[in-house]
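# Per-entry structural report
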Amino acid sequence: MSAPRVRFAPSPTGLFHVGSARSALFNWFIARQHDDGVFILRIEDTDESRNRQEWEDVIIASMAWLGLNVDVGPYRQSDRRLAHEAARDALLASGDLYYCDCTPEALAARKGENKTPGYDGFCRDRGLGPGERRALRFKRPLEGSLVVRDEVRGEVTFETRALEDFVVARANGDVLYALANVVDDRDDRVTHVIRGEEHLANAPKQMLLWEALNAATGEVVALPRYAHLPLLVNEQRKKLSKRKDPVATERYRDEGYLASAFVNYLALLGWSPRGDEEIVPLADLVAQFRLRDVVPSPAFFDVKKLRAMNGAYLRALSPAAFVEAARPWVAPWSSAWTPSTTPPWREGDFDEALFARVAPLVHERVNVLGEVPAMVGFFFVTPTLDEDAAAKVYRDDPAGLAILRALEAEFATSPWTSAALHELTLRVGEAQGLNLRKAQAPLRLAVTGSLVGPPLFESLEVLGRDEVLTRVRAVLAAYA
Ligand code: GLU
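Read on for a plain summary of the structure. (Residues numbered from 1 in each chain as written. Predicted model: local features only at pLDDT ≥ 70, side-chain atom pairs only at ≥ 80, totals over all residues. Heavy atoms only, no water.)

### Observations regarding helix α6 (residues 202-217)
Think of an α-helix as 3.6 residues a turn; residues three or four steps apart then line up on the same face. We apply this condition: In this description a helix means any DSSP run of H or I spanning at least four residues, a strand means any run of E spanning at least two, and both kinds are numbered starting from the N terminus. In a helix, the anticipated span is given by 1.5 Å times the number of residues less one. The rule is simple: take the accessible area with a 1.4 Å probe, protein chains only, and divide by the maximum for that residue type; under 20% is buried, over 50% is exposed, in between is partly exposed.
The end-to-end C-alpha distance of α6, which contains 16 residues, comes to 22 Å, matching closely the 22 Å that a straight helix rising 1.5 Å per residue would cover. Burial in α6 covers these residues: N202, A203, P204, Q206, M207, L208, L209, W210, A212, L213 and N214. With its phi angle positive at about 75°, G218 sits one or two positions after the end of α6.

### Some thoughts on empty space enclosed by the protein
Put simply, the rule reads: In this analysis the probe radius is 1.4 Å and the grid spacing 1 Å, with only protein atoms considered; a cavity is a set of points the probe fits into but cannot get out of, a pocket is an open set with protein on both sides within 12 Å along at least five of seven lines, and lining residues have an atom within 4 Å of a point. Grid points are joined across faces, edges and corners, and a volume is the space filled by probe spheres set on the points. Just so you know the grouping, Ala, Val, Leu, Ile, Met, Phe, Trp, Tyr, Cys and Pro go in nonpolar, Asp, Glu, Lys and Arg go in charged, and all remaining residues, Gly too, go in polar.
For the structure on display, the rule yields one cavity of 30 Å³ or more. In this model, the largest cavity occupies a volume close to 30 Å³. The wall of the largest cavity is formed by V323, R327, V330, A331, F350, E352 and F355. Elements represented by at least two residues in the lining of the largest cavity include exactly α11 (319-330) and α12 (352-363). Looking at the lining of the largest cavity, the element that brings in the most residues is α11, giving three residues. For the lining of the largest cavity, the residue count by class is five nonpolar, no polar and two charged.

### Topic: the side chain of R195
Defined as follows: Counted charges follow a simple rule, with Lys and Arg positive, Asp and Glu negative, and His plus the chain ends left uncounted. Salt bridges are defined by distance alone: a side-chain nitrogen of Lys or Arg within 4 Å of a carboxyl oxygen of Asp or Glu. For the purposes of these results, a polar contact is taken to be a pair of N or O atoms within 3.5 Å, where, inside protein, one atom must be able to donate a hydrogen and its partner to accept one; residues adjacent in sequence count only when each atom of the pair is a side-chain atom. Contacts are assigned to residue pairs with any non-hydrogen atoms lying within 4.5 Å of each other.
Within the secondary structure layout, R195 lies in strand β9 (residues 192-196). In this structure, R195 is buried with no salt-bridge partner, the nearest side chain bearing the opposite charge being D185 at 5.6 Å. Polar side-chain contacts of R195 include one of 3.5 Å to the backbone oxygen of H199. Leaving out residues up to four positions away in the same chain, R195 has contacts with R7, S23, Y177, N181, N202, A203, Q206, Y226, A227, H228 and L229.

### Some details on the side chain of D254
Counting through the fold element by element, D254 comes out in helix α7 (residues 249-255). On the basis of relative accessible area, D254 is assigned to the buried category, the value being 16%.

### Details of the layout of surface pockets
Space inside the largest pocket adds up to approximately 1,000 Å³. Residue lining of the largest pocket: 37 residues in total, with P10, S11, S20, E198 and H199 positioned closest to the centre. Contributing elements (two or more residues each) for the lining of the largest pocket: β1 (5-8), α1 (18-32), α5 (177-187) and β9. With five residues, the single largest contributor to the lining of the largest pocket is α1. Across the lining of the largest pocket, the residue classes break down as 14 nonpolar, 12 polar and 11 charged.

### Describing the packing of aromatic side chains
Counted only if it meets this: Ring pairs shown here join Phe, Tyr and Trp side chains whose ring centres sit within 6.5 Å, with only the six-membered ring taken for Trp; geometry is labelled stacked below 30 degrees between planes, edge-to-face above 60, and tilted in between.
Applying the stated criterion to the full structure yields 21 aromatic pairs. Ring geometry for W333 and F350: centres 5.8 Å apart, planes at 70°, overall edge-to-face. Taken together, the residues span a long stretch of sequence, with W333 in the loop between α11 and α12 and F350 in the loop between α11 and α12 at a distance of 17 residues. Since its relative accessible area comes to 13%, F350 is described here as buried. Summarising the aromatic geometry, the rings of F350 and F355 are spaced 6.1 Å apart at their centres and angled 45° between planes, so their arrangement reads as tilted. Members of the aromatic cluster, joined through ring pairs, are W65, Y252, Y257, F262, Y265 and F301.

### A look at the site of the ligand
Quick note on the threshold: Summary of the distance rule: residues count as near a molecule or strand when at least one heavy atom falls within 4 Å of that molecule or strand. All accessible-area figures derive from a Shrake-Rupley calculation using a 1.4 Å probe, and residue coverage is judged against the displayed protein chains alone. Being in a pocket or cavity means that more than half of the molecule's atoms lie within 2 Å of its grid points.
Residues in close proximity to the ligand include R7, A9, P10, S11, E44, Y177, N181, R195 and H199, which together make up its full environment. Between the ligand and the protein, one listed contact pairs a nitrogen atom with a backbone N or O atom of A9 at 2.7 Å. A distance of 2.7 Å separates an oxygen atom of the ligand from a polar atom in the side chain of H199. Contact with the protein chains covers 82% of the free accessible surface of the ligand, which is 300 Å². In this structure the site holding the ligand corresponds to the largest pocket. Considering only residue class, the shell around the ligand consists of three nonpolar, three polar and three charged.

### Thoughts on the pattern of salt bridges
A complete count under the given rule lists 33 salt bridges for this structure. Between D47 and R50 there is a salt bridge, with the nearest N and O atoms lying 3.6 Å from each other. A relative accessible area of 25% places D47 in the partly exposed class. E324 is the salt-bridge partner of R327, the closest N and O atoms lying 3.0 Å from each other. With R327 and E324 both in helix α11 and three residues apart, this pair spans about one turn of that helix. R327 sits in the partly exposed class, given a relative accessible area of 25%. Each of the salt bridges in this network shares a partner with another, and the network as a whole consists of R7, R42, E44, R80, D184, D185 and D188.

### So, the packing of helix α17 (residues 436-448) against helix α18 (residues 456-463)
For clarity, the cut-off: Lines fitted to C-alpha atoms define the axes, with helix axes restricted to the stretch in contact, and inter-axis angles between N-to-C directions lie between 0 and 180 degrees. Left-handed describes a crossing in which the near helix is turned anticlockwise from the far one by less than a right angle; the clockwise case is right-handed.
The contact between α17 and α18 brings their axes to 11 Å, and the two run at 35°. Note on packing geometry: the crossing formed by α17 with α18 is left-handed. Within the contact between the two elements, α17 uses L436, Q440, L443, R444, V447 and T448 and α18 uses L456, F457, L460 and L463. Its residues assigned to classes, the contact of α17 with α18 comprises seven nonpolar, two polar and one charged.

Structure (structure tokens):
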């Protein structure tokens, strides 16, 4: 087979949906399986009322984040206006299009109670010429059927009669998406059209246009192969909702998912690698991916599973790589984009070397990098105590302040290693009839501001005797 030429053709009309990211990835897989495979990025900006530059920027930035490098583009569909118009004119000359002046009101009036969707063909044989408010429609064959040979779904048959005579150009001459998309795919010599299931119904129309252009222009281009990828659904097995479900790809970057983990997870949406292991290196995903192994049934976009997978990818990083990966969250002022959480410290309070020392204490405990700053905040700034916890530990329970007092006395002279501090807290707790968990809670709260966090004694060692004593004494003064 000659090298595949695939394209990803998003419309910049909203956030970069995870389903679009999956389409981009599957196209990219196909291109990267061949040394000279070509991956094209075409921004389909023909709907001027809905396009926004910022959405285009998000698509390009997200693709870069995911590592989906392109060989051609990004180019804008609107750059090819002349080619679209030439195709429109060729189809008009060959008799494949006709003018139509039906208003939506006239159409509705003719339909009456008949709810059959689509155009009724009123102008098909009226022989109208160009004129104001006259759109161009495609004259579909009324007889016969068309088979879309879909790599995922097998053969899907459409009766051409059931397709309407759809509009390909507005009255002002603007060529619409339906035709522009086909013209661009032909000009780009696209070999595979891989996209979401919602476009399956467009395939027969696009095949008709493609063949009509072959005949009208004399430039015969082979039809592409089609693959319509399964719908993504949420936990309720409903189509992911832009409003209710977390569907924005860029949000996953901002929250601290690794691109490698996110790509691995996307690959599992409708497809699975060989064997039982779902965590698979990228090169193996590329090598193993086959369109024919994609299943047509809806795929559950499971954020919990994605989180767990991200945790596994994070834990597999070396300590230095983890520090590097966490940088946008711990030092957001150095990041080109805005992470989802802001650290509880200011730039001046942050200390790179200190972060490198404490990062191993949280490395095993986070599933997304956005959780890092809150966990290590107390190393950089004096924490504010969680009020509910403080009331419970220091006010409601007399043992809380008692143990803190005893520890303060010992800390002044104790050796300052995590092992010694651990030992000491255990002993002081036992003397007061408390197990280690009970004994360390008042200490943890005083020093870190919270009852949960990184390993306590290692943290105390890093913070140092003076700082720990200062924090313990502040609590004793405030609550005693
Ligand atoms: N622009 C279309 C979309 O964003 C994609 C069309 C296609 O892939 O053919 O849904």
